[in-house]
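Fold and geometry: a report
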Amino acid sequence: QVHLIESGGGLVQAGGSLRLSCAACGLTFSRYGMGWFRQAPGKEQEFVARISGSGSSTYYADSVKGRFTISRDNAKNTMYLQMNSLQPEDTAVYYCAANQNSDGSDQQRDYDYWGQGTRVTVSS
């Protein structure tokens, strides 16, 4: 059974940083493209970033480009999202997801497994 478990969320002031982690089990991690999505209060879920199975390819939403960095450690079956220069508009529940296509995707429908989410709140 596949499990994705996010951690690292919390409350931070604007301009601050957080690092989210997504620990995976029950799958051959390196064969899966991975992604981060988020859902702000009252809004639809949106794509944040994705990374290929090998970690060699990454892609970001324009809203986070230059501030967020996605990475993975296949030896630890863990993906990360380093978030810097956080702004109140980054407040959301952040979800990690696994895609059997090792290239990854920015489309929610392409992901096979999802975590439960971790909440990030950025105060102004």
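Before going into details, it helps to say that this report is about the structure given with it. (Residues numbered from 1 in each chain as written. Predicted model: local features only at pLDDT ≥ 70, side-chain atom pairs only at ≥ 80, totals over all residues. Heavy atoms only, no water.)

Focus: unusual backbone geometry
Unusually for a residue other than glycine, asparagine 77 sits at a positive phi of about 55 degrees. As for its position among the elements, asparagine 77 is in the loop between β7 (68–73) and β8 (78–83). Positioned with a positive phi, serine 85 is a non-glycine residue whose angle comes to about 50 degrees. Position of serine 85 among the secondary structure elements: in the loop between β8 and β9 (92–99). (Helix = DSSP H or I, 4+ residues; strand = E, 2+ residues; numbered from the N terminus.)

Quick look at the nonpolar core
Soluble globular proteins tend to pack their nonpolar side chains together in the buried interior. If you look at the biggest cluster of nonpolar residues, it comprises 35 residues, and the most contacted ones within it are Met34, Trp36, Met79, Leu81, Met83 and Tyr94. Of all the secondary structure elements, the ones that give two or more residues to this core are β3 (18–25), β4 (33–39), β5 (46–51), β7, β8, β9 and β11 (118–123). Considering every element that reaches this core, the biggest residue donor is β9, with 5 residues. (Core = buried A, V, L, I, M, F, W, Y, C linked by side-chain atoms within 4.5 Å. Buried < 20%, exposed > 50% of the residue type's maximum accessible area, 1.4 Å probe, protein only.)

Re the state of the cysteines
Simply put, disulfide is the name for a covalent bond between the sulfur atoms of two cysteines. Summed over the entire model, instances satisfying the criterion amount to 1 disulfide. Two residues, cysteine 22 and cysteine 96, share a disulfide whose sulfurs are 2.1 Å apart. Its S-S torsion of about 60 degrees marks the bond between cysteine 22 and cysteine 96 as right-handed, since a negative value means left-handed. Of this pair, cysteine 22 sits in strand β3 while cysteine 96 sits in strand β9; the two residues are 74 residues apart in sequence, bridging distant segments of the chain. On the accessibility criterion, cysteine 96 (0% relative accessible area) is buried. Cysteine 22 supplies the cysteine sulfur nearest to cysteine 25, a cysteine that is in no disulfide, at a spacing of 9.9 Å. Overall, the relative accessible area of 36% leaves cysteine 25 in the partly exposed class. (Disulfide = S-S within 2.5 Å.)

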